[in-house]
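# Residue-level structure breakdown
Listed below, chain by chain, are the residues.
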Amino acid sequence: MSKATILLMGMFYQPKLDELEKLYDCHRHWAAPDKDALVASLADRCEIVVTNGGRGISAQEMAQLPKLRLVACFGVGVDAIDLDYARQHGIAVSNTPDVLTDDVADMALALLLGTMRRIPQGDRFVREGRWLAGGMPVTRSLQRKRIGVVGLGRIGRAIASRCEAFNTEVGYFGPNRKSDVSYKYFDDVVAMADWAEVVIAACPGGPSTYRIVSRAALEALGPDGVFINIARGSVVDQEAMIELLAGGGLGAAGLDVFDNEPNVPAELIALDNVVLHPHQGSATHPTRAAMGQLVIDNVAALVEGRELVTRVV
Ligand code: NAP
(Lines give C-alpha, C1' and ligand atoms only; values in the text may rest on other atoms or scores of the structure.)
Protein backbone atom coordinates (compact mmCIF):
# COMPACT_ATOMS: atom_id res chain seq x y z
CA MET A 1 0.00 0.00 0.00
CA SER A 2 1.37 3.46 -0.86
CA LYS A 3 2.23 5.79 2.00
CA ALA A 4 -0.12 8.69 2.77
CA THR A 5 1.13 12.06 1.51
CA ILE A 6 1.62 14.80 4.10
CA LEU A 7 2.41 18.45 3.52
CA LEU A 8 4.47 19.76 6.45
CA MET A 9 3.60 23.44 6.75
CA GLY A 10 5.20 24.11 10.13
CA MET A 11 8.32 22.78 11.78
CA PHE A 12 7.98 20.80 15.01
CA TYR A 13 10.06 18.79 17.51
CA GLN A 14 12.82 17.30 15.37
CA PRO A 15 12.91 13.71 16.73
CA LYS A 16 9.15 13.38 16.19
CA LEU A 17 9.34 15.05 12.78
CA ASP A 18 11.98 12.44 11.85
CA GLU A 19 9.62 9.66 12.99
CA LEU A 20 6.72 11.06 10.97
CA GLU A 21 8.92 11.39 7.89
CA LYS A 22 9.90 7.72 8.14
CA LEU A 23 6.27 6.63 8.29
CA TYR A 24 4.73 8.73 5.50
CA ASP A 25 5.46 10.49 2.21
CA CYS A 26 6.23 13.89 3.75
CA HIS A 27 7.06 17.17 2.01
CA ARG A 28 8.55 20.18 3.81
CA HIS A 29 6.77 23.33 2.65
CA TRP A 30 9.31 25.62 4.35
CA ALA A 31 12.24 24.00 2.51
CA ALA A 32 10.70 24.06 -0.98
CA PRO A 33 12.40 26.52 -3.35
CA ASP A 34 9.07 26.97 -5.19
CA LYS A 35 6.30 26.56 -2.60
CA ASP A 36 3.42 27.05 -5.07
CA ALA A 37 4.87 24.37 -7.35
CA LEU A 38 5.18 21.96 -4.40
CA VAL A 39 1.57 22.52 -3.33
CA ALA A 40 0.34 22.16 -6.93
CA SER A 41 2.26 18.89 -7.32
CA LEU A 42 0.55 17.43 -4.20
CA ALA A 43 -2.96 18.79 -4.82
CA ASP A 44 -4.37 15.57 -6.31
CA ARG A 45 -3.29 13.33 -3.41
CA CYS A 46 -2.49 15.30 -0.21
CA GLU A 47 -5.07 14.53 2.48
CA ILE A 48 -3.06 15.67 5.50
CA VAL A 49 -1.31 18.87 6.53
CA VAL A 50 0.83 19.09 9.66
CA THR A 51 1.40 22.59 10.98
CA ASN A 52 2.19 24.33 14.24
CA GLY A 53 0.25 26.83 16.35
CA GLY A 54 2.23 29.84 15.15
CA ARG A 55 2.23 28.95 11.43
CA GLY A 56 -1.32 27.60 11.20
CA ILE A 57 -2.91 27.42 7.74
CA SER A 58 -5.12 29.92 5.93
CA ALA A 59 -8.35 29.28 4.03
CA GLN A 60 -6.55 30.10 0.79
CA GLU A 61 -3.88 27.49 1.50
CA MET A 62 -6.47 24.85 2.37
CA ALA A 63 -8.35 25.66 -0.84
CA GLN A 64 -5.25 24.72 -2.84
CA LEU A 65 -5.49 21.17 -1.45
CA PRO A 66 -8.93 19.88 -2.53
CA LYS A 67 -8.36 16.37 -1.07
CA LEU A 68 -7.44 17.73 2.38
CA ARG A 69 -9.09 15.80 5.25
CA LEU A 70 -6.95 16.66 8.30
CA VAL A 71 -4.93 19.58 9.61
CA ALA A 72 -2.88 18.23 12.53
CA CYS A 73 -1.59 21.09 14.65
CA PHE A 74 1.49 20.82 16.86
CA GLY A 75 0.26 23.02 19.73
CA VAL A 76 -3.01 23.54 21.60
CA GLY A 77 -3.79 27.02 20.22
CA VAL A 78 -5.46 26.77 16.81
CA ASP A 79 -6.14 30.48 16.25
CA ALA A 80 -3.84 30.59 13.20
CA ILE A 81 -5.94 27.91 11.46
CA ASP A 82 -9.06 29.07 9.61
CA LEU A 83 -11.48 26.85 11.56
CA ASP A 84 -14.56 28.21 9.76
CA TYR A 85 -13.15 27.13 6.41
CA ALA A 86 -12.19 23.74 7.84
CA ARG A 87 -15.71 23.22 9.25
CA GLN A 88 -17.40 24.30 6.03
CA HIS A 89 -15.26 21.93 3.95
CA GLY A 90 -15.34 18.86 6.21
CA ILE A 91 -11.66 19.16 7.11
CA ALA A 92 -10.85 17.82 10.58
CA VAL A 93 -8.46 19.75 12.83
CA SER A 94 -6.52 18.22 15.73
CA ASN A 95 -4.29 19.83 18.37
CA THR A 96 -2.09 18.75 21.31
CA PRO A 97 -3.90 19.61 24.58
CA ASP A 98 -3.19 18.43 28.16
CA VAL A 99 0.38 17.16 27.59
CA LEU A 100 1.70 20.75 27.67
CA THR A 101 -0.48 22.15 30.46
CA ASP A 102 1.97 21.77 33.36
CA ASP A 103 5.00 23.13 31.54
CA VAL A 104 3.08 26.16 30.29
CA ALA A 105 1.71 26.82 33.78
CA ASP A 106 5.23 26.49 35.19
CA MET A 107 6.38 29.07 32.65
CA ALA A 108 3.61 31.46 33.74
CA LEU A 109 4.81 31.20 37.34
CA ALA A 110 8.45 31.52 36.28
CA LEU A 111 7.58 34.70 34.41
CA LEU A 112 5.50 35.94 37.33
CA LEU A 113 8.29 35.42 39.86
CA GLY A 114 10.94 36.58 37.40
CA THR A 115 9.02 39.77 36.75
CA MET A 116 8.11 40.56 40.36
CA ARG A 117 11.50 39.62 41.85
CA ARG A 118 13.35 41.01 38.80
CA ILE A 119 15.40 37.85 38.28
CA PRO A 120 16.77 38.63 34.77
CA GLN A 121 17.61 42.16 35.96
CA GLY A 122 19.42 40.63 38.97
CA ASP A 123 21.34 38.32 36.66
CA ARG A 124 22.50 41.32 34.62
CA PHE A 125 23.31 43.20 37.83
CA VAL A 126 25.72 40.46 38.90
CA ARG A 127 27.23 39.84 35.44
CA GLU A 128 27.86 43.53 34.84
CA GLY A 129 29.71 43.92 38.13
CA ARG A 130 27.22 46.45 39.50
CA TRP A 131 26.86 44.47 42.78
CA LEU A 132 30.43 45.51 43.65
CA ALA A 133 29.19 49.10 43.91
CA GLY A 134 26.23 48.24 46.19
CA GLY A 135 23.15 46.01 46.53
CA MET A 136 20.34 45.75 44.01
CA PRO A 137 17.16 47.72 44.86
CA VAL A 138 14.40 45.77 46.64
CA THR A 139 11.52 44.35 44.59
CA ARG A 140 7.80 43.55 44.67
CA SER A 141 6.52 40.49 46.59
CA LEU A 142 4.16 37.84 45.23
CA GLN A 143 2.94 36.94 48.71
CA ARG A 144 -0.74 37.68 49.46
CA LYS A 145 -1.38 39.22 46.04
CA ARG A 146 -4.74 39.11 44.27
CA ILE A 147 -4.27 37.32 40.93
CA GLY A 148 -6.78 37.49 38.10
CA VAL A 149 -6.59 34.75 35.46
CA VAL A 150 -8.09 35.41 32.02
CA GLY A 151 -9.36 32.01 30.87
CA LEU A 152 -9.72 29.30 33.51
CA GLY A 153 -9.18 26.37 31.14
CA ARG A 154 -6.64 23.57 31.43
CA ILE A 155 -3.65 25.94 31.63
CA GLY A 156 -5.51 28.62 33.61
CA ARG A 157 -6.48 26.09 36.27
CA ALA A 158 -2.93 24.77 36.50
CA ILE A 159 -1.72 28.35 36.95
CA ALA A 160 -4.37 29.03 39.60
CA SER A 161 -3.42 25.95 41.64
CA ARG A 162 0.25 26.98 41.53
CA CYS A 163 -0.71 30.50 42.63
CA GLU A 164 -2.45 29.07 45.70
CA ALA A 165 0.91 27.69 46.85
CA PHE A 166 2.17 31.28 47.02
CA ASN A 167 -0.52 32.41 49.48
CA THR A 168 -2.31 34.43 46.85
CA GLU A 169 -6.01 34.99 46.22
CA VAL A 170 -7.21 33.90 42.77
CA GLY A 171 -9.99 35.34 40.64
CA TYR A 172 -10.83 34.58 37.03
CA PHE A 173 -12.59 35.91 33.98
CA GLY A 174 -14.07 33.75 31.22
CA PRO A 175 -17.28 33.10 29.32
CA ASN A 176 -18.47 30.49 31.82
CA ARG A 177 -18.50 30.57 35.62
CA LYS A 178 -17.03 27.33 36.99
CA SER A 179 -19.06 25.50 39.65
CA ASP A 180 -16.14 23.34 40.84
CA VAL A 181 -13.80 26.11 42.03
CA SER A 182 -14.03 28.64 44.84
CA TYR A 183 -12.09 31.36 43.02
CA LYS A 184 -13.82 34.71 42.64
CA TYR A 185 -15.58 34.97 39.25
CA PHE A 186 -15.70 38.15 37.15
CA ASP A 187 -17.80 38.58 34.03
CA ASP A 188 -15.78 41.62 33.02
CA VAL A 189 -12.01 41.85 32.46
CA VAL A 190 -11.73 45.49 33.55
CA ALA A 191 -13.56 44.77 36.82
CA MET A 192 -11.19 41.85 37.45
CA ALA A 193 -8.13 43.98 36.64
CA ASP A 194 -9.41 46.65 39.03
CA TRP A 195 -9.65 44.02 41.82
CA ALA A 196 -6.37 42.25 40.94
CA GLU A 197 -2.74 43.18 41.51
CA VAL A 198 -1.61 40.68 38.87
CA VAL A 199 -3.41 39.63 35.68
CA ILE A 200 -2.33 36.46 33.86
CA ALA A 201 -3.68 35.81 30.36
CA ALA A 202 -4.23 32.09 29.65
CA CYS A 203 -7.09 32.14 27.13
CA PRO A 204 -7.02 31.20 23.41
CA GLY A 205 -6.11 33.77 20.75
CA GLY A 206 -8.31 34.58 17.75
CA PRO A 207 -11.12 37.06 17.10
CA SER A 208 -13.15 36.33 20.27
CA THR A 209 -10.30 37.36 22.58
CA TYR A 210 -8.69 40.06 20.41
CA ARG A 211 -7.39 42.86 22.71
CA ILE A 212 -9.53 41.49 25.55
CA VAL A 213 -6.87 42.83 27.94
CA SER A 214 -7.62 46.35 26.79
CA ARG A 215 -6.05 49.71 27.62
CA ALA A 216 -8.83 50.17 30.19
CA ALA A 217 -7.98 46.81 31.81
CA LEU A 218 -4.27 47.67 31.97
CA GLU A 219 -5.09 51.10 33.42
CA ALA A 220 -7.31 49.43 36.01
CA LEU A 221 -4.42 47.12 36.92
CA GLY A 222 -2.45 50.29 37.49
CA PRO A 223 1.04 51.57 38.34
CA ASP A 224 1.77 48.73 40.80
CA GLY A 225 0.07 46.09 38.66
CA VAL A 226 1.80 43.22 36.89
CA PHE A 227 0.62 41.66 33.63
CA ILE A 228 1.74 38.18 32.55
CA ASN A 229 0.94 36.79 29.09
CA ILE A 230 1.40 33.15 28.11
CA ALA A 231 -1.74 33.15 25.91
CA ARG A 232 -1.24 34.97 22.59
CA GLY A 233 0.07 38.44 21.71
CA SER A 234 -3.32 39.27 20.19
CA VAL A 235 -5.15 39.13 23.55
CA VAL A 236 -3.55 42.34 24.86
CA ASP A 237 -3.48 45.86 23.44
CA GLN A 238 0.28 45.72 22.94
CA GLU A 239 0.63 49.39 21.98
CA ALA A 240 -1.23 50.55 25.08
CA MET A 241 0.72 48.11 27.23
CA ILE A 242 4.07 49.49 26.03
CA GLU A 243 2.88 53.08 26.49
CA LEU A 244 1.66 52.39 30.04
CA LEU A 245 4.78 50.42 31.02
CA ALA A 246 6.99 53.25 29.73
CA GLY A 247 4.93 55.99 31.40
CA GLY A 248 4.42 54.33 34.79
CA GLY A 249 0.72 53.58 34.23
CA LEU A 250 1.43 49.83 34.50
CA GLY A 251 4.03 48.41 36.88
CA ALA A 252 5.65 45.51 35.04
CA ALA A 253 5.02 42.72 32.54
CA GLY A 254 6.28 39.21 31.87
CA LEU A 255 5.64 38.13 28.30
CA ASP A 256 6.09 34.79 26.55
CA VAL A 257 4.00 35.82 23.52
CA PHE A 258 3.79 38.89 21.28
CA ASP A 259 2.01 40.35 18.29
CA ASN A 260 3.75 39.46 15.04
CA GLU A 261 6.28 37.05 16.58
CA PRO A 262 9.27 36.85 16.42
CA ASN A 263 9.34 40.62 15.92
CA VAL A 264 9.34 42.34 19.31
CA PRO A 265 9.06 46.15 19.24
CA ALA A 266 12.24 48.03 20.11
CA GLU A 267 10.23 50.14 22.58
CA LEU A 268 9.38 46.98 24.55
CA ILE A 269 12.94 45.68 24.43
CA ALA A 270 14.19 49.02 25.77
CA LEU A 271 12.06 48.80 28.94
CA ASP A 272 13.60 47.69 32.25
CA ASN A 273 10.28 46.68 33.86
CA VAL A 274 9.58 43.75 31.53
CA VAL A 275 10.76 40.14 31.30
CA LEU A 276 10.67 38.87 27.73
CA HIS A 277 10.67 35.24 26.64
CA PRO A 278 10.57 33.80 23.09
CA HIS A 279 7.30 31.78 23.22
CA GLN A 280 8.76 28.83 25.08
CA GLY A 281 5.81 27.85 27.31
CA SER A 282 5.71 24.23 26.15
CA ALA A 283 9.34 24.03 25.05
CA THR A 284 10.77 21.20 27.17
CA HIS A 285 11.97 17.90 25.70
CA PRO A 286 9.35 15.62 27.30
CA THR A 287 6.46 17.95 26.50
CA ARG A 288 7.53 18.62 22.92
CA ALA A 289 7.99 14.85 22.42
CA ALA A 290 4.50 14.18 23.80
CA MET A 291 3.05 16.90 21.55
CA GLY A 292 4.82 15.39 18.54
CA GLN A 293 3.50 11.95 19.46
CA LEU A 294 -0.04 13.34 19.52
CA VAL A 295 0.48 14.71 16.00
CA ILE A 296 1.65 11.24 14.87
CA ASP A 297 -1.27 9.55 16.67
CA ASN A 298 -3.84 11.84 15.06
CA VAL A 299 -2.34 11.31 11.61
CA ALA A 300 -2.33 7.51 12.17
CA ALA A 301 -5.96 7.64 13.33
CA LEU A 302 -7.03 9.39 10.13
CA VAL A 303 -4.99 7.07 7.89
CA GLU A 304 -6.36 3.97 9.63
CA GLY A 305 -9.95 5.25 9.66
CA ARG A 306 -10.22 5.63 13.44
CA GLU A 307 -11.55 8.54 15.53
CA LEU A 308 -8.98 11.30 15.98
CA VAL A 309 -7.34 11.32 19.41
CA THR A 310 -7.63 15.07 20.07
CA ARG A 311 -10.07 16.59 17.60
CA VAL A 312 -10.92 20.32 17.67
CA VAL A 313 -13.14 20.41 14.56
P1 NAP B 1 -8.55 25.44 27.13
O2 NAP B 1 -8.50 24.33 28.09
O3 NAP B 1 -9.45 25.32 25.94
O4 NAP B 1 -8.90 26.76 27.95
C5 NAP B 1 -9.21 27.95 27.37
C6 NAP B 1 -9.94 28.80 28.39
O7 NAP B 1 -10.11 30.09 27.83
C8 NAP B 1 -11.30 28.26 28.77
O9 NAP B 1 -11.44 28.28 30.16
C10 NAP B 1 -12.27 29.23 28.14
O11 NAP B 1 -13.39 29.50 28.95
C12 NAP B 1 -11.45 30.48 28.09
N13 NAP B 1 -11.94 31.40 27.09
C14 NAP B 1 -12.50 31.11 25.88
N15 NAP B 1 -12.90 32.24 25.28
C16 NAP B 1 -12.60 33.25 26.13
C17 NAP B 1 -12.83 34.62 26.10
N18 NAP B 1 -13.44 35.21 25.06
N19 NAP B 1 -12.42 35.35 27.16
C20 NAP B 1 -11.82 34.78 28.20
N21 NAP B 1 -11.61 33.46 28.31
C22 NAP B 1 -12.00 32.71 27.27
O23 NAP B 1 -7.11 25.74 26.52
P24 NAP B 1 -5.69 25.56 27.25
O25 NAP B 1 -5.14 24.23 26.94
O26 NAP B 1 -5.81 26.02 28.65
O27 NAP B 1 -4.84 26.65 26.38
C28 NAP B 1 -5.18 28.01 26.46
C29 NAP B 1 -4.34 28.82 25.50
O30 NAP B 1 -3.01 28.93 25.98
C31 NAP B 1 -4.15 28.25 24.09
O32 NAP B 1 -5.28 28.44 23.27
C33 NAP B 1 -2.93 29.01 23.61
O34 NAP B 1 -3.33 30.22 23.01
C35 NAP B 1 -2.16 29.30 24.90
N36 NAP B 1 -0.93 28.51 24.96
C37 NAP B 1 0.27 29.15 25.02
C38 NAP B 1 1.44 28.41 25.10
C39 NAP B 1 2.79 29.09 25.19
O40 NAP B 1 3.79 28.45 24.86
N41 NAP B 1 2.86 30.32 25.62
C42 NAP B 1 1.39 27.02 25.08
C43 NAP B 1 0.15 26.40 25.02
C44 NAP B 1 -1.00 27.16 24.97
P45 NAP B 1 -14.58 28.46 29.24
O46 NAP B 1 -13.96 27.37 30.08
O47 NAP B 1 -15.55 29.28 29.98
O48 NAP B 1 -15.05 27.97 27.91
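Placed above this text is the structure.
Conventions and cut-offs
- Residues numbered from 1 in each chain as written.
- Predicted model: local features only at pLDDT ≥ 70, side-chain atom pairs only at ≥ 80, totals over all residues.
- Heavy atoms only, no water.
- Near = heavy atom within 4 Å.
- Polar contact = N/O pair within 3.5 Å; in protein donor to acceptor, adjacent residues only side chain to side chain.
- Areas by Shrake-Rupley, 256 points an atom, 1.4 Å probe, with all protein chains shown as cover.
- Nonpolar A, V, L, I, M, F, W, Y, C, P; charged D, E, K, R; others polar.
- Pairing = 2+ DSSP bridges.
- Helix = DSSP H or I, 4+ residues; strand = E, 2+ residues; numbered from the N terminus.
- Axes fitted to C-alpha atoms, helices over the stretch in contact; angles between N-to-C directions.
- Contact = heavy atoms within 4.5 Å.
- Expected span 1.5 Å × (residues − 1).
- Buried < 20%, exposed > 50% of the residue type's maximum accessible area, 1.4 Å probe, protein only.
- Right-handed = clockwise from strand over helix to strand, strands pointing away.
- Salt bridge = Lys/Arg side-chain N within 4 Å of Asp/Glu carboxyl O.
- Disulfide = S-S within 2.5 Å.

### Some words on the site of the ligand
Taken together, 29 residues lie around the ligand, and Gly 153, Ile 155, Lys 178, Ile 230 and Asp 256 are the ones closest in. Within the contact set of the ligand, a nitrogen atom lies 3.4 Å away from a backbone nitrogen or oxygen of Ser 208. Asp 256 is positioned such that a nitrogen or oxygen atom in its side chain is 2.8 Å from a nitrogen atom of the ligand. Within the complex, 84% of the 930 Å² of free accessible area of the ligand lies under protein. Its residues assigned to classes, the shell around the ligand comprises 14 nonpolar, 11 polar and four charged.

### Structural notes on the sheet that holds strand S2 (residues 25-28)
Taking strand neighbours across the sheet as the criterion, the five strands line up as S2-S1-S3-S4-S5 in an open arrangement whose pairing is parallel. The open sheet has two edge strands with one neighbour each: S2 and strand S5 (92-94). Across the sheet, the mean angle separating the axes of adjacent strands is 20° when strand polarity is ignored. Alignment of strand S1 (residues 5-8) against strand S3 (residues 48-52), held across three bridges, turns out to be parallel. The residue bridging Leu 7 from the neighbouring strand is Val 49, located in S3. Against the sheet, helix H2 (residues 35-42) contacts S1 and S2, and its axis sits at roughly 160° relative to S1.

### Some points on helix H12 (residues 285-303)
Here H12 is 19 residues long and its end C-alpha atoms lie 27 Å apart, about the 27 Å a rise of 1.5 Å per residue gives. All of the buried residues along H12 are Thr 287, Met 291, Gly 292, Leu 294, Val 295, Ile 296, Asn 298, Val 299, Ala 300, Ala 301 and Leu 302. In this fold, the buried residues of H12 make contact with S1, helix H1 (14-23), S3, strand S4 (70-74), S5 and helix H5 (101-116). Just beyond H12, the residue with positive phi is Gly 305, at close to 75°.

### Examining the pairing of S1
Taken residue by residue, a regular strand's side chains alternate between the two faces of the sheet. What you see with S1 is no split at all: Thr 5 and Leu 7 on one side and Ile 6 and Leu 8 on the other are buried throughout. Across four bridges, the pairing between S1 and S2 is parallel. Paired with Ile 6 across the strands is Cys 26, a residue of S2. You can see the chain leave S1, run along H1 and come back into S2, and the turn it takes is right-handed.

### Section: the pattern of salt bridges
Counting across every chain of the model gives 16 salt bridges. The partner of Arg 87 in a salt bridge is Asp 84, with the nearest N and O atoms 3.1 Å apart. Residue Arg 87 and its partner Asp 84 are located together in helix H4 (residues 83-88), separated by three residues, close to a single helical turn. The class of Asp 84 is partly exposed, set by a relative accessible area of 49%. Put simply, Arg 157 and Asp 180 hold a salt bridge, and the shortest N to O gap is 3.1 Å. Taken together, the residues span a long stretch of sequence, with Arg 157 in helix H7 (residues 154-164) and Asp 180 in the loop between strand S7 (169-173) and strand S8 (184-186) at a distance of 23 residues. Residue Asp 180 is classed as exposed on the basis of its relative accessible area, which comes to 55%. Because the salt bridges share partners, they merge into one network encompassing Asp 102, Asp 106 and Arg 162.

### Here's the deal with the state of the cysteines
Summed over the entire model, instances satisfying the criterion amount to zero disulfides. Not engaged in a disulfide, the cysteine Cys 73 finds its nearest cysteine sulfur in Cys 46; these two sulfurs lie 16 Å apart. By relative accessible area, Cys 73 is classed as buried at 1%. Left without a disulfide partner, Cys 163 is nearest to the cysteine sulfur of Cys 203, which lies 15 Å away. Using a relative accessible area of 1% as the deciding quantity, one classes Cys 163 as buried.

Note that every value here comes from positions in space, so none of it alone points to a role or purpose.
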